[in-house]
Amino acid sequence: MSIVVKSVCKALERIAPLRLAEPWDKVGLIIESPVPRADAKRVVLTIDLTTAVLEETLKVPTALVIAYHPPLFQSTTSLTLANPLQASLLKLSAAGTSVFCPHTSLDSTWGGINDWLAEGVTGPQKATAKVNILGEVKGEAGGAGRIVTLDEPIPIEELVQRVKKHLSLSQVDVGRPPTQKLVKSVAICAGAGGTLLSGVDADVYLTGEMQHHDVLGAVARGRYVILCGHTNTERGYLPVLAKKLLDALSEIVQDESPNGLSREERIEIEKYQLDIHISEADRHPLDHM
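Cut-offs used in this document
Residues numbered from 1 in each chain as written. Predicted model: local features only at pLDDT ≥ 70, side-chain atom pairs only at ≥ 80, totals over all residues. Heavy atoms only, no water. Helix = DSSP H or I, 4+ residues; strand = E, 2+ residues; numbered from the N terminus. Pairing = 2+ DSSP bridges. Axes fitted to C-alpha atoms, helices over the stretch in contact; angles between N-to-C directions. Contact = heavy atoms within 4.5 Å. Salt bridge = Lys/Arg side-chain N within 4 Å of Asp/Glu carboxyl O. Buried < 20%, exposed > 50% of the residue type's maximum accessible area, 1.4 Å probe, protein only. Parallel < 35°, antiparallel > 145°, perpendicular 65-115°, else oblique. Left-handed = near helix turned anticlockwise from the far one by under 90°. Nonpolar A, V, L, I, M, F, W, Y, C, P; charged D, E, K, R; others polar. Polar contact = N/O pair within 3.5 Å; in protein donor to acceptor, adjacent residues only side chain to side chain. Lys, Arg positive; Asp, Glu negative; His and termini not counted.

Notes on the environment of G120
One can find G120 in helix α5 (residues 113-122). Between the C-alpha atom of G120 and that of A16, which follows or precedes it by 104 residues, the distance is 21 Å.

Structure below.
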């Protein structure tokens, strides 16, 4: 394993321990290139490993792609160039680039994607709003979702404006219950939140997408539903992750514990000036027309 990949994997474990991932998830180092390049100093952050992201990555020597969503999610018996997602992994590996996926571990960890979404909900009430774990509590490190309780109720229109501003969106989909009301509690799940949010006692469900009948059921029970588009609830976190990654790498260089890098490895990685690059080709797959 190259020193860059090894160091970044250790840094990511500090940010979002893989033990926090959901049991069904495919996280961690999913492709380790057998031909790492000594001149590769770039680490690419992306939500999805699309063909466009692949082409962007191959233009610059890259040690590692951190793809939030696992490119290989279903079980497979082969890796071929006929499958576009598999082809991307094969081409990256051949070019000396490994691939790491944090996915739900990054959702669950404190300071992760769901906490970032919660910041957009609290707005000016950030100092007084309460943010608690929604779903299974995974020790002191976090849990699957979040539920925000504002100190004062607000109109749904104000909450929607907060969300759109935080996510840099011009529009979102909103499901309204038969009886309009002020809202005080917001249940949050990045990506697809239908399962986690089902039956949760909150005024609003905020997620990327839900199945049609899940939306109908929530609205019938008196909940508002705000759907932002799956990856729109995730992509804005990448700059936060980039900073966390640089901070964690700095800590690793100073870490002399047995669980850290060896002295020689710390000296080696310190010589690298890593380029943490947020993909410019990564984008939400759907457009409004």
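Still more to cover.
A closer look at the sheet that holds strand β9 (residues 204-209)
Ordered by their spatial adjacency, six strands build an open sheet running β5-β6-β8-β9-β10-β7, and the pairing between neighbours is mixed. In this open sheet, the two strands that pair with only one neighbour each are β5 (130-137) and β7 (173-175). Each neighbouring strand pair of the sheet contributes to a mean axis angle of 25°, computed without reference to strand direction. Where β9 meets strand β10 (residues 224-227), four bridges bridge the pair, whose relative direction is parallel. Across the sheet, the residue bridging to V204 is Y224, located in β10. Sitting on the sheet, helix α6 (residues 156-167) touches β6 (143-154), β7, β8 (183-192), β9 and β10, and the angle it makes with β6 is about 130°.

Overview of the pattern of salt bridges
The final tally for this structure, using the stated rule, is 14 salt bridges. One salt bridge connects D39 with R37, and the closest N-O pair in it is separated by 3.0 Å. Exposure remark for R37: the relative accessible area of 39% places this residue in the partly exposed category. In this structure, R162 engages E158 in a salt bridge whose closest nitrogen and oxygen atoms are separated by 2.9 Å.

Points about unusual backbone geometry
Positive phi values are uncommon outside glycine, yet H103 reaches one of about 35°. Along the chain, H103 turns up in the loop between β4 (98-101) and α4 (104-108). Take H103: its relative accessible area is 9%, and that puts it in the buried class. Positive phi, close to 55°, is recorded for S168, a residue that is not glycine.

Considering the packing of helix α1 (residues 3-15) against helix α9 (residues 238-254)
Running from amino to carboxyl end, α1 crosses α9 at an angle of 110°, the nearest separation of the two axes being 9 Å. Here α9 runs roughly perpendicular to α1, going by the angle between their axes. In this structure, the crossing between α1 and α9 has a hand that is right-handed. The residues of α9 that touch α1, namely those facing S7, V8, K10, A11, L12, R14 and I15, are L241, K244, L245, A248, L249, E251 and I252. A class-by-class count of the residues in the contact of α1 with α9 yields nine nonpolar, one polar and four charged.

Some points on the environment of E56
Within the element layout of this structure, E56 appears in helix α2 (residues 51-58). Separated by 116 residues in sequence, E56 and V172 place their C-alpha atoms 29 Å apart. Those residues within four positions of E56 in sequence are excluded, and the remaining contacts are H277, S279, E280 and A281. Within the local environment of E56, its side chain forms a polar contact with the side chain of S279, the two groups lying 2.5 Å apart.

Considering the side chain of D48
Here D48 lies in the loop between β2 (42-46) and α2. Although D48 lies buried, it forms no salt bridge, and the closest oppositely charged side chain, R235, sits 4.2 Å away as judged by the N-O distance. Ignoring sequence-local partners within four residues, the contact set of D48 consists of V53, H69, T231, R235 and D282.

Concerning the sheet that holds β4
Hydrogen bonding along the main chain pairs the strands of a sheet, whether they run parallel or antiparallel. In spatial order, the strands read β1-β4-β3-β2-β11; together these five strands make up an open sheet with mixed pairing. Whereas interior strands pair on both sides, the edge strands pair on one side only; in this sheet they are β1 (28-31) and β11 (275-278). Sheet twist, expressed as the mean angle between neighbouring strand axes with direction ignored, is 25°. Bridge analysis of β1 against β4 gives three bridges, and the strand direction is antiparallel. Looking at β4, one finds that I31 is bridged to V99.

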